[in-house]
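For reference, the chains in residue letters:
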Amino acid sequence: KNRSRNVERNVLSSIERARTRDKVFLNMIMEGELNLVNIQINNGTFHSSDPSGSYSGVVASFCQVNFRPHKDNPASVPMFKDVLAASPKCFKKIDMDLKEIADRARAY
């Protein structure tokens, strides 16, 4: 029974950490600290004919893009993919539900 309680506490703690992390990322997105770098549409859940105009089922990827190399020497990093490659903080991207981001941005 104690083991069951410990597992439940660990699961709840993990969920709470994920919620806190998502809140931090949402705030960073709203403040412009993270840049939108990719959009992925899951055809199984996204319906373009949805009358609500919902972005549900669309995943947006964000990271901290370092634009300095492009500003300093545009010829050396001419394309966005080059800018991303020169951005160490973009090696691991943060994926968020675009609907949640859009809703939050409208309320911001």
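Quantities reported herein were computed from a predicted structural model and do not represent experimental measurements.

### Focus: the overall build of the protein chain
Move 1: When you go through the protein chain residue by residue, the secondary structure sums to four helices and three strands.
Move 2: Mapped in sequence order, the helices and strands of the protein chain form the string α-β-β-α-α-β-α.
Move 3: Put simply, of all contacts in the protein chain between residues at least 6 apart along the chain, 63% involve residues at least 24 apart.
Move 4: Surface summary for the protein chain: the accessible area is close to 7900 Å², and the carbon and sulfur share equals 52%.

### Quick notes on helix H4 (residues 98–107)
Move 1: Within the span of H4, buried status applies to Leu98, Ile101 and Ala102. Viewed end-on, H4 has its buried residues packed into an arc of 95 degrees, placing them on one side of the element.

### Remarks on the state of the cysteines
Move 1: Within this structure, the stated rule accounts for one disulfide.
Move 2: Cys63 shares a disulfide with Cys90; S-S distance 1.9 Å. Measuring handedness by torsion sign, the sulfur bridge of Cys63 and Cys90 sits at about 80 degrees and is right-handed. Here Cys63, found in strand S2 (residues 58–63), pairs with Cys90, found in the loop between helix H3 (80–85) and strand S3 (94–97); they are 27 residues apart in sequence, far enough to count as distant.
Move 3: For Cys63, a relative accessible area of 1% gives the class buried.

### Brief notes about the environment of Ile101
Move 1: As for its position among the elements, Ile101 is in helix H4.
Move 2: The sequence separation of Ile101 and Leu26 amounts to 75 residues, and the corresponding C-alpha distance is 7.1 Å.
Move 3: The residues contacting Ile101, other than those within four sequence positions of it, are Leu26, Ile29, Met30, Phe62 and Met96.

### Focus on the nonpolar core
Move 1: In this structure, Phe25, Ile29, Leu34, Phe62, Met96 and Ile101 are the most contacted members of the largest nonpolar core, which totals 13 residues.
Move 2: Where this core is concerned, the elements lending two or more residues are helix H1 (2–30), S2, S3 and H4.
Move 3: The element contributing the most residues to this core is H1, with five residues.
Move 4: Residues within four places of Ile29 in sequence aside, it is in contact with Leu34, Phe62, Met96 and Ile101.

### Overview of the pairing of S3
Move 1: Residues Ile94 and Met96 of S3 are buried on one face, while the alternating residues Asp95 and Asp97, pointing to the opposite face, are not.
Move 2: Where S2 meets S3, four bridges bridge the pair, whose relative direction is antiparallel. Residue Phe62 lies in a different strand from S3, and its bridge partner there is Ile94.

Each value, and the rule that gives it
Residues numbered from 1 in each chain as written. Predicted model: local features only at pLDDT ≥ 70, side-chain atom pairs only at ≥ 80, totals over all residues. Heavy atoms only, no water. Helix = DSSP H or I, 4+ residues; strand = E, 2+ residues; numbered from the N terminus. Contact = heavy atoms within 4.5 Å. Areas by Shrake-Rupley, 256 points an atom, 1.4 Å probe, with all protein chains shown as cover. Buried < 20%, exposed > 50% of the residue type's maximum accessible area, 1.4 Å probe, protein only. Arc of directions from axis to C-beta. Disulfide = S-S within 2.5 Å. Core = buried A, V, L, I, M, F, W, Y, C linked by side-chain atoms within 4.5 Å. Pairing = 2+ DSSP bridges.

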